[in-house]
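Architecture and fold: a report
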Amino acid sequence: MHPSTLVLRRSARSLSGPAFVRWGLIGAAVLLLGVFLIVPLVAVFTFAFQKGWEAYVAALTHPTALAAMRLTLLAAVIAVPFNLVFGLAASWLIARFQFRGRSLLMTLIDLPFSVSPVIAGLIFVLLFGRQGWLGPWLLDHDVRVIFAVPGIVLATVFVTFPFVAREVLPVMEAQGSDEEEAALTLGASGWRTFLTVTLPKVKWGVLYGVILCNARAMGEFGAVSVVSGHVRGVTTTLPLHAEILYNEYDLAGAFAVASLLTLLALVTLVVKKFVEWRSQPS
Amino acid sequence: MERLALLRVRNWMPLALLLAVAGCSRASGDASPDGTVTLLNVSYDPTRELYEELNAAFAKHWAATRGQQVSIQQSHGGSGKQARSVIEGLRADVVTLALAYDVDMLHEKAQLLPEDWQARLPHNSAPYTSTIVFVVREGNPKAIREWDDLVRKDVTVITPNPKTSGGARWNYLAAWGQALRGEGGSEARAQAYVEKLFRNVPVLDSGARGATTTFAERGLGDVLLAWESEAFLLTREVGQARFEVVVPSVSILAEPPVAVVDLNVDRKGTRAVAEAYLAYLYSEEGQEIAARHHFRPRSEVVAAKHASDFPGLMRFTLAEVAGDWRRAQATHFADGGLFDRIYAPRAD
């Protein structure tokens, strides 16, 4: 027998391994999945409905819960389009041009990923707090940023900053700029080139980024918690509202709110899968 | 390619402006068109239920006497953290915190109120008092009766972190004070006691509510050191028969203070209603509500009525065992203070 065949066969066997190893590994993976994903998922809905459907609806239609929903939606409605525009512009800039500070810009875009959300929140406190850099000026002009809605929006924008750019950039880089150059040579304006050539080619990347951005915008806890001030029904988003209810021993209410966020996550997953499926060049 | 760079950025400007405006438009929202006045009460953790009822009662009272609608917003959290937020600009009209030190900080760090704030209202500006008691599991399986039982080797104690939680500072000072005042008590004995006590503490939550949920929901520990109000809330309203309150023979007199935040009420023009709100806490109705939520009323009439709700015990004051808050903070809780020296997080 040729020595290389031997090596091949041996490696094939070590890859598959004996049955108990294979099943052991699969079992461990399933168990892990069950413990870390399925059980908590089931638990959220079990706790949410432990006092019945009416209590569930009551918890979600309570004025403070509705206010939290409105604020969460407002933050997302501002953060997502903002980051969409920024993400598109930034990835287009980075993908199409060589310039000084290009890699610095890329690092900056990634910054919110590497900074702990709590630190992100504290940055805003240091900037806009009464004792912060801009605090005295804001106070004099009676503009409230932190402990008010703008602060929550700012924190949300910050933590969701990289999502669109990070998804669009690789797609744009992979596409190359040939077609855009052709469009320009044929006399199309820059804006038109962007709308009719660049954008359609990255649309799935954009959509994917928007979905992730939205999920994070609605689910963010840490950064928003720091700048919120926790004024019930005024500066509380859904995740913060869930925490408040939990702290008030209202487990059913807390989990009712949590179930809403869980549903959001599930919907996000489904849409994400759909986008992945549609974007495959079949 | 340079032409692409000339892509009209100006097209985005209106959108960016719109977003900026949307972000700031609700920046000032105190005065509402229908004449409703809004107060923000920044409070600590275990007063959630108390102020929910008090706020509704005061709103009714204010509407009846002044004909003005008042809506009181609440913010709750660890006392120190809440004070920090007010210092950083959370526009509290009134603060109702766990300990005077946190209100002192509002003066020291941001001059939000005068230094003598505590003398402005009766009883050191504390309309209700409380104390520190024990919560044990049903049937008191470890037979915990007194402070000495907490330092037994077979007992684990749940208390939050005194560096971040106001309640935890009262817990700590109660433990310290009873050892200091006990038989043959001395500073050395007190230090040895708290050192042994914290050896029995497996986890330090950042706030009183967190510690309560650790004990009640996560099932950790044999005994929870808690505010009396929190202990009764847990045993009578939340945990029903799962927990019991054990009142030691001696504990600390805890005085959670309230104060109007001058700078904020003057800016918002809410001084009158904010002061009336705090005065209401001292009124018969206010005291009655406090008593119902297991805070000890100052009013003798109300106290007599609820005498059976509050177990008798000897309560020593902060001044008797640790001087004032500034000294207590410097000696015990500041970085490098006694607590830092005695508490080493367990490796296991």
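Residues numbered from 1 in each chain as written. Chains lettered and ligands numbered in written order. Predicted model: local features only at pLDDT ≥ 70, side-chain atom pairs only at ≥ 80, totals over all residues. Heavy atoms only, no water.

1. Looking at the packing of aromatic side chains
On inspection of all chains with the given rule, the structure shows 27 aromatic pairs over all chains. Ring plane angle 50 degrees and centroid distance 5.7 Å describe the contact between Phe274(A) and Trp277(A), whose orientation is recorded as tilted. Of this pair, Phe274(A) and Trp277(A) both sit in helix α14 (residues 251–279), separated by three residues, roughly a single helical turn. Look at Phe274(A) and you get partly exposed, because its relative accessible area is 40%. The exposure class assigned to Trp277(A) is exposed, which follows from its relative accessible area of 60%. Taken together, the ring pairs connect Tyr172(B), Phe198(B), Phe333(B), Phe339(B) and Tyr343(B) into an aromatic cluster. Seen from the ring of Phe215(B), Arg137(B) lies directly overhead, with NZ or CZ sitting 4.0 Å from the centre. (Phe/Tyr/Trp six-rings, centres within 6.5 Å; stacked < 30°, edge-to-face > 60°. Helix = DSSP H or I, 4+ residues; strand = E, 2+ residues; numbered from the N terminus. Buried < 20%, exposed > 50% of the residue type's maximum accessible area, 1.4 Å probe, protein only. Lys NZ or Arg CZ within 6 Å of the ring centre and 35° of its normal.)

2. A look at the sheet that holds strand β2 (residues 70–77) of chain B
Sheet strands line up and pair through hydrogen bonds in the backbone, either parallel or antiparallel. Residue and element names in this part refer to chain B. What the four strands build is an open sheet, ordered β2-β1-β3-β10; its pairing is mixed. The strands lining the two open edges of the sheet, one partner per strand, are β2 and β10 (258–260). Neighbour to neighbour, the strand axes of the sheet diverge by 20 degrees on average, direction disregarded. Sheet strands in contact with helix α3 (residues 48–66) are β1 (37–44), β2, β3 (94–96) and β10, and its direction is about 165 degrees off that of β2. (Pairing = 2+ DSSP bridges. Axes fitted to C-alpha atoms, helices over the stretch in contact; angles between N-to-C directions. Contact = heavy atoms within 4.5 Å.)

3. Comments concerning the UniProt feature "transmembrane region" (unreviewed entry) in chain A
This chain's UniProt record puts "transmembrane region" (unreviewed entry) on residues 20–49, 69–95, 107–129, 145–165, 206–231 and 251–271 of chain A. Across residues 206–231 of chain A, helical content stands at 81% and strand content at 0%; the span's end C-alpha atoms are separated by 35 Å. (UniProt positions renumbered as here; feature names shortened; annotations may be inferred.)

4. Description of unusual backbone geometry
Despite not being glycine, Phe147(A) has its phi angle at roughly 60 degrees, a positive value. Position of Phe147(A) among the secondary structure elements: in the loop between α7 (135–140) and α8 (149–159). Take Phe147(A): its relative accessible area is 5%, and that puts it in the buried class. Located in the positive-phi region is His294(B), a residue other than glycine, with phi close to 70 degrees. Note that His294(B) resides in the loop between α12 (284–292) and β11 (296–297).

5. Overview of the layout of surface pockets
Residues and elements named next belong to chain B. In this model, the second largest pocket occupies a volume close to 800 Å³. Along the walls of the second largest pocket sit 33 residues, with Gly78, Gly80, Lys81, Thr164 and Ser206 positioned nearest its centre. When residues in the lining of the second largest pocket are grouped by element, the largest group, five residues, is from helix α4 (residues 79–87). Here the lining of the second largest pocket is composed, by residue class, of nine nonpolar, twelve polar and twelve charged. (1 Å grid on protein atoms, 1.4 Å probe; cavity = no way out; pocket = protein on both sides within 12 Å on 5 of 7 lines; lining within 4 Å. Points joined across faces, edges and corners; volume = space filled by probe spheres on them. Nonpolar A, V, L, I, M, F, W, Y, C, P; charged D, E, K, R; others polar.)

6. Points about the nonpolar core
If you look at the biggest cluster of nonpolar residues, it comprises 112 residues, and the most contacted ones within it are Val95(B), Trp147(B), Leu150(B) and Trp325(B). In terms of residue count, the dominant contributor to this core is helix α6 (residues 166–181) of chain B (eight residues). When sequence neighbours within four positions are dropped, the list of residues in contact with Trp147(B) reads Ile132(B), Phe134(B), Asn171(B), Ala174(B), Ala175(B), Gln178(B), Tyr193(B), Leu225(B), Pro248(B), Val250(B) and Ser251(B). One finds Trp92(A), Phe194(A), Val206(A) and Cys213(A) within the second-largest nonpolar core, a separate group that totals 19 residues. (Core = buried A, V, L, I, M, F, W, Y, C linked by side-chain atoms within 4.5 Å.)

7. Overview of helix α9 (residues 162–175) of chain A
Residues and elements named next belong to chain A. For α9, built from 14 residues, the straight-helix expectation of 20 Å at 1.5 Å per residue is met to within 8% by its first-to-last C-alpha distance of 20 Å. Here α9 has its buried residues at Pro162, Phe163, Val164, Ala165, Val168, Leu169 and Met172. Residues of α9 that are buried in the fold lie against α4 (63–96), α5 (102–114), α8 and α11 (190–219). A positive phi of about 75 degrees marks glycine 176, the residue just after α9. (Expected span 1.5 Å × (residues − 1).)

8. Quick look at a nonpolar patch on the surface
Residue and element names in this part refer to chain A. There is a patch of nonpolar side chains on the surface, built from Leu31, Leu32, Leu33, Val35, Phe36, Leu37, Ile38 and Val42 and spanning about 820 Å² of accessible area. Looking at where leucine 32 falls in the secondary structure, it is placed in helix α2 (residues 19–48). Assessed through its relative accessible area of 52%, leucine 32 is described here as exposed. (Patch = residues over 30% accessible without salt bridge, like charges linked within 9 Å, V, L, I, M, F, W, Y side chains within 5 Å. Areas by Shrake-Rupley, 256 points an atom, 1.4 Å probe, with all protein chains shown as cover. Salt bridge = Lys/Arg side-chain N within 4 Å of Asp/Glu carboxyl O.)

9. Examining the pattern of salt bridges
All names here are of chain B. Taken as a whole, this structure holds 32 salt bridges over all chains when the rule is applied. The salt bridge partner of aspartate 154 is arginine 152, with a shortest N-O separation of 3.2 Å. Given the relative accessible area of 40%, aspartate 154 is considered partly exposed. A relative accessible area of 25% means that arginine 152 is categorised as partly exposed. When the shortest N-O distance is used, the salt bridge between arginine 271 and aspartate 262 registers 2.9 Å. Owing to a relative accessible area of 25%, arginine 271 belongs among the partly exposed residues under this scheme. Classification of aspartate 262 as buried rests on a relative accessible area of 12%. Several salt bridges converge on common partners, so that one network encompasses Arg120, Asp262, Asp266, Arg271 and Glu275.

10. Some points on empty space enclosed by the protein
All told, the structure shown has five cavities of 30 Å³ or more when counted by the stated rule. If you add up the space inside the largest cavity, you get close to 120 Å³. Lining the largest cavity are 14 residues, and of these Phe128(A), Val143(A), Glu88(B), Gly89(B) and Arg91(B) sit closest to its centre. If one sorts the elements of the lining of the largest cavity by residue count, α7(A) sits on top with three residues.

11. With respect to the pairing of β2(B)
Residue and element names in this part refer to chain B. Most of β2 sits out of view: six of its eight residues are buried. Here eight bridges tie β1 to β2, and the two strands are oriented parallel to one another. Bridging across to β2, asparagine 41 finds its partner in glutamine 74.

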